[in-house]
Amino acid sequence: MVSSLIALMGLSLFLGCGCWLFFLWAVQRGEFHDMERPKHRMLEEDERETPKK
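All values derive from a computational prediction rather than experimental measurement.

Conventions we followed
- Positions within a chain are numbered from 1, following the residues in the order the chain's sequence is written.
- Reporting in this predicted model follows two pLDDT cut-offs: at least 70 for local features of residues, and 80 or more for side-chain atom pairs to be given and counted; totals over whole chains, interfaces and linings ignore these cut-offs and use all residues.
- Side-chain descriptors were evaluated using all non-hydrogen atoms of the structure, hydrogens and water having been removed beforehand.
- Helix and strand assignments come from DSSP, with helices taken as H or I runs of at least 4 residues and strands as E runs of at least 2, each series counted from the N terminus.
- What a helix is expected to span follows from its residue count: subtract one and scale by 1.5 Å.
- Think of a patch as exposed residues, more than 30% relative accessible area, with no salt bridge, where like charges cluster within 9 Å and nonpolar side chains (Val, Leu, Ile, Met, Phe, Trp, Tyr) cluster within 5 Å.
- Reported accessibility uses the Shrake-Rupley method at a 1.4 Å probe radius. Residues are deemed covered only where the shown protein chains occlude them.
- One speaks of a salt bridge when a side-chain nitrogen belonging to Lys or Arg is within 4 Å of a carboxyl oxygen belonging to Asp or Glu.
- Here is the rule: rings of Phe, Tyr and Trp (six-membered ring for Trp) pair when centre to centre is within 6.5 Å. Planes less than 30 degrees apart are stacked, more than 60 are edge-to-face, and the remainder are tilted.
- Exposure is judged per residue with a 1.4 Å probe applied to protein chains only, and the accessible area is read against the type maximum: over 50% gives exposed, under 20% gives buried, and values in between give partly exposed.

(A) Inspection of helix H1 (residues 2-29) at higher detail. Here H1 is 28 residues long and its end C-alpha atoms lie 41 Å apart, about the 40 Å a rise of 1.5 Å per residue gives. Immediately downstream of H1, the backbone of glycine 30 shows phi near 90°, a positive value.

Okay, here's the thing in structure tokens:
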């Protein structure tokens, strides 16, 4: 019981550190710099694709 608890604690620590490093990597690449532009860009692309009459 204690050994499985220690294994689960180690696994959760490993996963937590992995997620934290992934988040830091994403912030460093600039993934969170502009949160508004992608949704506006999606709307602009729809306007361009409307068929002409």
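That was the structure; now back to the text.
(B) Seen up close, a nonpolar patch on the surface. A cluster of nonpolar residues, Trp20, Leu21, Phe23, Leu24, Val27, Phe32 and Met35, forms a patch on the protein surface that exposes about 710 Å² of accessible area. As for its position among the elements, phenylalanine 23 is in helix H1.

(C) Summary view of the packing of aromatic side chains. Applying the stated criterion across every chain, the model contains three aromatic pairs. Ring geometry for tryptophan 20 against phenylalanine 23: centres 5.7 Å apart, planes inclined by 35°, an arrangement best described as tilted. Remark: phenylalanine 23 and tryptophan 20 occur in helix H1; sequence separation between them is three residues, near one turn of the helix. Taken together, a centroid distance of 5.7 Å and an interplanar angle of 40° make the contact between phenylalanine 23 and phenylalanine 32 tilted. For phenylalanine 23, a relative accessible area of 39% puts it in the partly exposed group. For phenylalanine 32, a relative accessible area of 43% translates into the label partly exposed.

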